[in-house]
Amino acid sequence: EAGVAQSPRYKIIEKRQSVAFWCNPISGHATLYWYQQILGQGPKLLIQFQNNGVVDDSQLPKDRFSAERLKGVDSTLKIQPAKLEDSAVYLCASRGLNTGELFFGEGSRLTVL
Amino acid sequence: QQPVQSPQAVILREGEDAVINCSSSKALYSVHWYRQKHGEAPVFLMILLKGGEQMRHEKISASFNEKKQQSSLYLTASQLSYSGTYFCGTEWNNFNKFYFGSGTKLNVKP
């Protein structure tokens, strides 16, 4: 079974530029999460999807971050414009109904200069 | 909203035991435990459900005290491979918002 795919793995941009991250969850997983993990901290929930509907986006900085999950499968997370404090690893995770555990992708490491 | 973990860091010698705690101010439906090694994504260890039994993964076990809304992870006879950062993750209802704690960094030395 293929795991959660994320791209790009690494991205370096200047502040005020934009960036987009892509995630393809495990086939059949209805729940998809985007987390931001700053070095030395725990993953912070940005947005949670159930199919293509949003369950929670209370911690998503909506003035600069946006996310969508068209057709309830893959998802994109966009940052525009980026700030220095957005430097972090962006983790995508998906979850199946049976086991309940979260499966993580390898993450996308963003550096904002 | 995020669960609170303690301690922040633990240093052990191989073969020693450790306990990591995770607590919530709100009634929980489930608690998950994950381990993350440097530069890698978190990996699932176990899940504890409200009203469920104590779980075990190799020599690592965990319990969930519903009265205190607290979970504890027990690492017995630690091995070098146990080194990493341990996170608890919690949710209040099934498939509701899923929050992680700040992590406990475990360093097992020979």
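Scope of this entry: the structure provided in the associated data block.

## Regarding unusual backbone geometry
Item 1. Between Q80(A) and the following residue, P81(A), the backbone shows a cis peptide bond with an omega angle of -5°.
Item 2. In the segment running from S6(B) into P7(B), the intervening peptide bond is cis, with an omega of -10°.
Item 3. Its location among the elements puts P7(B) in the loop between strand 1 (4-6) and strand 2 (9-13).
Item 4. One non-glycine residue with positive phi stands out, namely N51(A), at about 55°.
Item 5. Relative to the elements of secondary structure, N51(A) occurs in the loop between strand 5 (44-50) and strand 6 (53-56).
Item 6. The exposure class of N51(A) is partly exposed, given its relative accessible area of 40%.

## Looking at the pairing of strand 8 (residues 75-79) of chain A
Regular strands have side chains that alternate between both faces of the sheet.
Residues and elements named next belong to chain A.
Item 1. Only one face of strand 8 is buried, namely the one carrying S75, L77 and I79, since none of T76 and K78 on the opposite face is buried.
Item 2. As judged from the 5 bridges shared by strand 3 (residues 19-24) and strand 8, these two strands associate in the antiparallel manner. Bridge pairing in strand 8 places C23 opposite S75.
Item 3. The pairing of strand 7 (residues 65-68) with strand 8 spans 4 bridges and is classified as antiparallel. In the sheet register, E68 faces strand 8, and the bridge partner there is T76.
Item 4. Hairpin connection from strand 7 to strand 8: 6 residues lie between these consecutive antiparallel strands, with K71 at a positive phi of about 60°.

## Overview of the state of the cysteines
What makes a disulfide is a covalent bond joining the sulfur atoms belonging to two cysteines.
Residues and elements named next belong to chain B.
Item 1. For the coordinates displayed, the defined rule picks out 2 disulfides over all chains.
Item 2. For C22, the disulfide goes to C88, at an S-S distance of 2.1 Å. Since a negative S-S torsion denotes a left-handed disulfide, the C22-C88 link at about 75° is right-handed. Taken together, the residues C22 in strand 3 (residues 18-23) and C88 in strand 9 (residues 84-91) connect sequence positions 66 residues apart. C88 shares its class with C22; the two are buried.

## A word on the packing of aromatic side chains
Pairs of aromatic rings are described using the distance from one ring centre to the other and the angle between the two planes.
Item 1. Enumeration over the complete set of coordinates arrives at 13 aromatic pairs over all chains.
Item 2. Arranged with centres 5.9 Å apart and planes meeting at 25°, the rings of Y33(A) and Y35(A) form a pair that is stacked. The two residues Y33(A) and Y35(A) agree in class, both being buried.
Item 3. One aromatic cluster in this structure is built from Y33(A), Y35(A), F104(A), Y34(B), F44(B), F87(B), F98(B) and F100(B).
Item 4. Positioned above the aromatic ring of W92(B) is the side chain of K26(B), whose terminal nitrogen or guanidinium carbon lies 3.7 Å from the ring centre.

## Examining the environment of S27(A)
Item 1. Within the element layout of this structure, S27(A) appears in the loop between strand 3 and strand 4 (31-37).
Item 2. Judged by relative accessible area, which is 72%, S27(A) ranks as exposed.

## Thoughts on the sheet that holds strand 1 (residues 5-7) of chain A
Residues and elements named next belong to chain A.
Item 1. Ordered by their spatial adjacency, 4 strands build an open sheet running 1-3-8-7, and the pairing between neighbours is antiparallel. If you trace the sheet from one side to the other, it starts and ends with strand 1 and strand 7, each paired once. Ignoring strand direction, the axes of neighbouring strands in this sheet form an average angle of 15°.

Quick notes on the rules
- In every chain, residue numbers begin from 1 and rise along the written sequence.
- Here chains are named by letter from A upward and ligands by number from 1 upward, in the order in which they appear as written.
- Predicted model: local features are reported for residues with pLDDT of at least 70 only, side-chain atom pairs are reported and counted for 80 or more only, and whole-chain, interface and lining totals are derived from all residues.
- Note that water and hydrogens are dropped before the side-chain values are worked out from all heavy atoms of the structure.
- Helix and strand definitions here come from DSSP, where helices need a minimum of 4 consecutive H or I residues and strands a minimum of 2 consecutive E residues; each element is numbered from the N-terminal end.
- Each residue's exposure class comes from its accessible area (1.4 Å probe, protein chains only) as a fraction of the maximum for that residue type: buried when under 20%, exposed when over 50%, partly exposed otherwise.
- Following DSSP output, two strands are said to pair if at least two bridges run between them.
- Throughout, disulfides are identified as pairs of cysteine sulfur atoms within 2.5 Å of each other.
- Aromatic pairs are defined between Phe, Tyr and Trp rings, using the six-membered ring for Trp, whenever the two ring centres lie within 6.5 Å; interplanar angles under 30 degrees are classed as stacked, those over 60 as edge-to-face, and all others as tilted.
- Ring-over charges, as used throughout, are those where CZ of Arg or NZ of Lys falls within 6 Å of the ring centre and within 35 degrees of the ring normal.
- Helix axes are fitted to C-alpha atoms over the stretch in contact, other axes to C-alpha atoms as well, and angles between N-to-C directions run from 0 to 180 degrees.

The quantities given are spatial measurements derived from coordinates; they are silent on function.
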